Structure formats: C-alpha cells, structure tokens
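These are the residues of each chain, in order.
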Amino acid sequence: MDLNPEQRREGGEEYPGARWLRGESPREILDNLLAARALEIESRVAARLDSRAVLLDPERTYLRALAHTARKAFFYRGEPPLDTFLEACIDRGIDDLVDEDVEAERSGASLDPADMRYQLIAQSLGIDARKARQVCVVLNTSHDELRHAIYALLVQRKTLNRYVAEGHGPPQRVRELVREGLRRLSLAFGRDIDPREYGL
C-alpha cells in the first residue's frame, strides 16, 4: 500500500485514528505512537505473529511495524479502513525482519550473544541464543501448512490432537508435516528432537 505525496491528507480530515496518525513528519507521528502506545499496535503485532505463525521477537516487530505505520500515516487519509491499514504496516514490518534474518544467515553474519532480539525465543524454546536466528529462519521460510503446524506445537504448546481437532487435519497429514518440520528444526537446534514429545 504505497501512497504518494499527491495523496497526502489534509490536516482537517477526521477518520479513525487521526489523533495519532497526524503529524508534521513521519518522525513526529512515530513519537506520538511511541509515547501513547496508541492504536493497540503492540497487541495487534502479537496477534498477527500468531495468525501468520511467524517466529520473531515481538518488541523488535512492534518497533519495525511502528516505523512503517509512521511513514505510511504521513499520507494516510482514512482509506483503506484503519484495521486494514495497520495490518498492512505490521505485515510489512514482519516481512522486513524475516528477510533480514534470512540474509544474515545466508551471509554468515555473526550474532552477538548479548543481542536481545533472540533471547525470548531462545528461552521459550530452550536453546542457545546464537541458534535462535537459525531456528527463526527455518520456521519462517517454511511453507504455510508446515509453518502453522510446527508453530502450533512448539510455540503455542498445543498437542497434536488439539491442533487436529481445531480443523487442521486429517491426523496423518498433520503428523507428516510435524515430522518434516522437526527434521528441519533438528539441524538448527543442533540436536535431534524426539517426535514422541509431540505425540508422534
């Protein structure tokens, strides 16, 4: 959703979120959004990461989504609807970070052990922080069906039976997806993952 300068809104227009999405510059809008934690962007980011089954640090994603929101808000006039506008900005932030992680892994860029971007992920999965980026890349670049299945079991801590019962079956297909995902993640974890831990 790229808006050009000719589409810049006039200051007097009213639309949902206008109070926070107006400013003399993207920087001013960003400062407004940060100061007020406005428009529930932080919770929207968390929900979008879950719905897309993407493994990224929520705070890092929130800040990137805010930056995109501030830039796009400078030209926003209430169309598309606010929810659609914010979701597009959040998606752009998520896609940016996934691409950056992929490029960092591809280039072999070293990861500072003190880098907090991967600490939460490392702690929740019980792995070394230096491996967390690789795990993110493996999961985040997997096809949708596989990514959602692995995310449900590893991140959301659902059982295989519950995931199937939620309508993601048939059971044999889900088992195949989970086995394939665990094979891929075993390389990133640096150890074999026992499928029995996940009801396989």
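Placed above this text is the structure.
The paragraphs below set out a description of the structure included in this document.

Definitions and cut-offs
- Residues numbered from 1 in each chain as written.
- Predicted model: local features only at pLDDT ≥ 70, side-chain atom pairs only at ≥ 80, totals over all residues.
- Heavy atoms only, no water.
- Helix = DSSP H or I, 4+ residues; strand = E, 2+ residues; numbered from the N terminus.
- Contact = heavy atoms within 4.5 Å.
- Phe/Tyr/Trp six-rings, centres within 6.5 Å; stacked < 30°, edge-to-face > 60°.
- Buried < 20%, exposed > 50% of the residue type's maximum accessible area, 1.4 Å probe, protein only.
- Core = buried A, V, L, I, M, F, W, Y, C linked by side-chain atoms within 4.5 Å.
- Expected span 1.5 Å × (residues − 1).
- Salt bridge = Lys/Arg side-chain N within 4 Å of Asp/Glu carboxyl O.

On to the side chain of Asn140. Within the fold, Asn140 resides in helix α7 (residues 129–140). Not counting chain neighbours up to four residues away, the residues in contact with Asn140 comprise Ala53, Val54, Leu55, Leu56, Val98 and Arg147.

This part takes up the packing of aromatic side chains. This model, assessed by the stated rule, comprises three aromatic pairs. Summarising the aromatic geometry, the rings of Tyr15 and Tyr76 are spaced 5.4 Å apart at their centres and angled 85 degrees between planes, so their arrangement reads as edge-to-face. With Tyr15 in the segment before α1 (18–21) and Tyr76 in the loop between α4 (58–73) and α5 (82–107), this residue pair connects regions lying 61 residues apart in the sequence. What makes Tyr15 buried here is its relative accessible area of 9%. Exposure remark for Tyr76: the relative accessible area of 1% places this residue in the buried category.

Attention now goes to the nonpolar core. When a protein is soluble and globular, its nonpolar side chains tend to lie buried together. Counting 31 residues, the largest nonpolar core has Leu125, Val135, Ile150, Leu154, Val178 and Phe189 as the members making the most contacts within it. Of all elements in the fold, only α6 (119–125), α7, α8 (144–154), α9 (160–168) and α10 (171–189) reach the threshold of two or more residues within this core. Ala38, Ala65, Ile94 and Leu97 belong to the second-largest nonpolar core, a separate cluster that totals 29 residues.

Helix length check: α5 (26 residues) gives 38 Å between terminal C-alpha atoms against 38 Å at 1.5 Å per residue, within 8%. In the segment just after α5, Gly108 is the residue with positive phi, at about 75 degrees.

Let us now look at the pattern of salt bridges. A complete count under the given rule lists 23 salt bridges for this structure. With a shortest N-O distance of 2.7 Å, Glu100 and Arg64 are connected by a salt bridge. Of this pair, Glu100 sits in helix α5 while Arg64 is found in helix α4, placing the two residues 36 residues apart along the sequence. Of the residues examined, Arg64 reaches a relative accessible area of 23% and is grouped as partly exposed. Of the charged contacts, one joins Glu180 and Arg184 as a salt bridge, the two residues approaching to 2.9 Å between their closest N and O atoms.

None of the figures reported here should be taken as evidence of function without further support.
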